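One-letter residues, chain by chain:
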Amino acid sequence: MPSDYFPLFIMLVVSVAFAAIGVGVSALLGPRRPTAIKGQTYESGMPAVGTARRRVWIRYYLVAVIFILFDIEIIFFYPWAVVFRQEPVFLFVEMALFVAILLVGYIYVWRKGGFDWY
Amino acid sequence: MNIFGIYIDQPIIDFIILIIRCVVWIIALLTAFAYIQLVERWVIAKIQVRIGPNRTGPRGLLQPLADAIKALMKEELIPTNADKLVFVIAPMISVATALLAFAVIPVSPPINLFGYEMPMQIADINVALLYLLAIGSVSVYGTVLAGWSSNNKYSLLGSLRAAAQLISYEVTLGLALVGVLMLTSTLNLNEIVNYQANYGWIILPQILGFVLYMIAAIAETNRLPFDLPEAETELVAGYYTEYSSIKFAFFFMAEYINIITVCAIATTLFLGGYLSPLPFLPIIGAPGIWWFAIKVFLLIFVFMWIRGTFPRMRYDQLMNFTWKGMLPVALLNILITAGIIILLHPGSAQVFAR
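Residues numbered from 1 in each chain as written. Chains lettered and ligands numbered in written order. Predicted model: local features only at pLDDT ≥ 70, side-chain atom pairs only at ≥ 80, totals over all residues. Heavy atoms only, no water.

Another point: the overall build of chain A. A count of helices and strands for chain A gives three helices and zero strands. Reading the secondary structure of chain A in the N-to-C direction produces α-α-α. Judged by the C-alpha coordinates and their principal axes, chain A covers about 70 × 50 × 15 Å. Out of the 118 residues belonging to chain A, those deemed buried represent 32%. (Helix = DSSP H or I, 4+ residues; strand = E, 2+ residues; numbered from the N terminus. Buried < 20%, exposed > 50% of the residue type's maximum accessible area, 1.4 Å probe, protein only.)

In structure tokens:
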């Protein structure tokens, strides 16, 4: 029922309002005396060198891609698990085929060192 | 209905009650956060043979209030080269998603209040579990955007680590719950609790799933021994290095509300939710809430205990542990569950006979 989700929408509005009020009240109550030194980013007390807008290690992207692969697997698993009891043998074979294909990729990534951090 | 002699339509009254419920829900969560955070400081102090907060009010009971006032009154600093809009929005995303996630969890069976049948959850939706996973994914944005927008190298590293860790452990978290769904055949949390009322708590057949879920939950909430994103000794404070005043408090708040939420999910899915463990033990008043609170608090106590006991993991160990250790075990858990359901299914015998 779509109307079941209406309370969640209200909850979204109320929690965002709570966050906004918190930030607003804090901005009103707190002092505000910015100086050039205060505005610098923290780098263990040393003057900051360069910016943080730089290239990052490729492996983080790799993890993100592997995550998408497995997250889609989970999305497939959930409806499958919900109907599993209706016809377990047939559904088990179906899922085994899907997971077998996925496992080939998983083993490939493992052997290629995709999960190794050094 | 007539209130003060003025006629008000029923839908309007329902709407106002709904808003009041949401506000009460948030206040209850914030109070729980404030006192769990205080209890944690006491527990950690006891473990480390310190005294802990005991100055503000009797035995330190007013400490959360003092902290809240302090957080509100502090000067807020925004670094001059930070991305200002994203910098302000990131903690709001964190805290709003943390508050939103709890809305679908039934803390008690519906109670009767002034003639109203009051459901003890904000929304009873069919795909509650999927919703919780989705909200969990959205909350990663708060972390990543906070680290990126600060324009600080420590924050950037912290947020990248956090993102990689959160998404890695989310895979195990999701897979650990599949066994529960196979048993209950539903994603609705109320129906899962009802299933447990009829067939016993799911922790018994799904003990492996429960252990996997709890480990992944500790990692999801950035707690020791998986708190690399905010490792003080190497990354200062991780993704919230640059945050001060209420924005810092929001991250802190989001972390603790997430701990409450993951423990509440574990309680609902594995420990029978608001059901009483012993049917002959009645509690006066609203018994469901008390049982639920006791179970959730025991799980949170385990979190505190682990924090006081374990050293931090190394980052490569952390990633290996989930991708090479927990993920295959979670798949194995699904395989075992599927095998047992097939063996017990009445139609299976004919399939094997053919």
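There's more to say after this.
This part takes up unusual backbone geometry. Residue and element names in this part refer to chain B. A positive phi angle, near 60°, is found at Asn 151, a position not held by glycine. The phi torsion at Ser 185 lies on the positive side, around 60°, for a residue other than glycine. By the secondary structure assignment, Ser 185 is in the loop between helix H6 (178–184) and helix H7 (189–199).

At a minimum axis distance of 7 Å, the contact between helix H1 (residues 6–29) of chain A and helix H2 (residues 63–73) of chain B shows a crossing angle of 70°. In terms of orientation, H1(A) and H2(B) fall into the roughly perpendicular class. Where H1(A) abuts H2(B), its residues Gly22(A), Val25(A), Ser26(A) and Leu29(A) lie against Ala71(B), Leu72(B) and Met73(B). (Axes fitted to C-alpha atoms, helices over the stretch in contact; angles between N-to-C directions. Parallel < 35°, antiparallel > 145°, perpendicular 65-115°, else oblique. Contact = heavy atoms within 4.5 Å.)

Moving on to the interface of chain A and chain B. Taken together, the contact pairs 65 residues of chain A with 85 residues of chain B. For the pair chain A and chain B, the two sides together bury roughly 6,700 Å², of which 74% comes from carbon and sulfur. Seen at the junction of chain A and chain B, the total is one salt bridge. Two residues, Glu76(B) and Arg32(A), come together in a salt bridge whose shortest N-O distance is 3.1 Å. Between the two partners, chain A and chain B, sit six residue pairs in polar contact (both at pLDDT 80 or more). (Buried area = accessible area lost by both parts, 1.4 Å probe. Salt bridge = Lys/Arg side-chain N within 4 Å of Asp/Glu carboxyl O. Polar contact = N/O pair within 3.5 Å; in protein donor to acceptor, adjacent residues only side chain to side chain.)

Assignment of secondary structure puts Leu331(B) in helix H12 (residues 315–344). By relative accessible area, Leu331(B) is classed as buried at 16%. Through-space distance from the C-alpha of Leu331(B) to that of Ile13(B) is 48 Å; in sequence the pair is 318 residues apart. Residue contacts for Leu331(B): discarding those within four places in its chain leaves Glu73(A), Phe77(A), Leu103(A) and Leu175(B).

Residue and element names in this part refer to chain B. Interaxial distance between helix H3 (residues 84–101) and helix H4 (residues 128–149) falls to 8 Å at its minimum, and their mutual angle equals 160°. Judged by the inter-axis angle, H3 sits roughly antiparallel to H4. Read as a crossing pair, H3 and H4 show a hand that is left-handed. Contact residues: H3 offers Val 86, Phe 87, Ala 90, Ile 93, Ser 94, Thr 97, Leu 100 and Ala 101, while H4 offers Tyr 131, Leu 132, Ile 135, Val 138, Ser 139, Gly 142, Thr 143, Leu 145, Ala 146 and Ser 149. In the contact of H3 with H4, the residues fall into twelve nonpolar, six polar and no charged. (Left-handed = near helix turned anticlockwise from the far one by under 90°. Nonpolar A, V, L, I, M, F, W, Y, C, P; charged D, E, K, R; others polar.)

Moving on, we get to the pattern of salt bridges. Any two side chains of opposite charge can pair, on the condition that their charged atoms come close. Applying the stated rule across the entire model yields six salt bridges over all chains. When salt bridges that share partners are traced, they join Arg32(A), Glu76(B) and Lys247(B) into one network.

Inspection of H2(B) places Gln63(B), Pro64(B) and Ala71(B) among the buried residues, and these make up the whole buried set. Relative to the axis of H2(B), the buried residues are bounded by an arc of 95° and lie together on one face. (Arc of directions from axis to C-beta.)

In the structure shown here, the tally under the stated rule is 24 aromatic pairs over all chains. Aromatic pair Phe76(A) and Phe98(A): ring centres 5.1 Å apart, planes at 80°, arrangement edge-to-face. Within this pair, whereas Phe76(A) is found in helix H2 (residues 58–83), its partner Phe98(A) is found in helix H3 (residues 88–112), the two being separated by 22 residues in sequence. What makes Phe76(A) partly exposed here is its relative accessible area of 47%. Phe98(A) gets classed as partly exposed once you look at its relative accessible area, which sits at 24%. For the pair Trp25(B) and Phe102(B), a centre-to-centre distance of 5.9 Å together with 45° between the ring planes defines the contact as tilted. Separated by 77 residues along the polypeptide, Trp25(B) in helix H1 (residues 10–47) and Phe102(B) in the loop between H3 and strand E3 (111–113) bring together distant segments of the chain. Here Trp25(B) and Phe102(B) have matching classes, each one buried. Among the aromatic residues, those joined into a ring-pair cluster are Phe70(A), Tyr106(A), Trp110(A), Phe115(A) and Trp323(B). The ring of Trp148(B) carries Arg53(A) above its face, with NZ or CZ at 4.0 Å from the centroid. (Phe/Tyr/Trp six-rings, centres within 6.5 Å; stacked < 30°, edge-to-face > 60°. Lys NZ or Arg CZ within 6 Å of the ring centre and 35° of its normal.)

Turning our attention to the nonpolar core. The biggest cluster of nonpolar side chains holds 125 residues, and the ones touching the most others in it are Phe77(A), Trp80(A), Leu175(B), Tyr213(B) and Phe270(B). The biggest single contributor to this core is helix H10 (residues 245–270) of chain B, with 16 residues. The residue makeup of this core includes at least three contributed by each of domain 1 (2–47) and domain 2 (58–111) of chain A. Every residue in contact with Tyr213(B), bar those within four places of it in the chain, is listed here: Leu173(B), Ala176(B), Leu177(B), Val262(B), Ile265(B), Ala266(B) and Phe270(B). Counting ten residues, the second-largest nonpolar core is a separate cluster that includes Phe87(B), Ala90(B), Ala146(B) and Tyr243(B). (Core = buried A, V, L, I, M, F, W, Y, C linked by side-chain atoms within 4.5 Å. Domains from an automatic or database assignment.)

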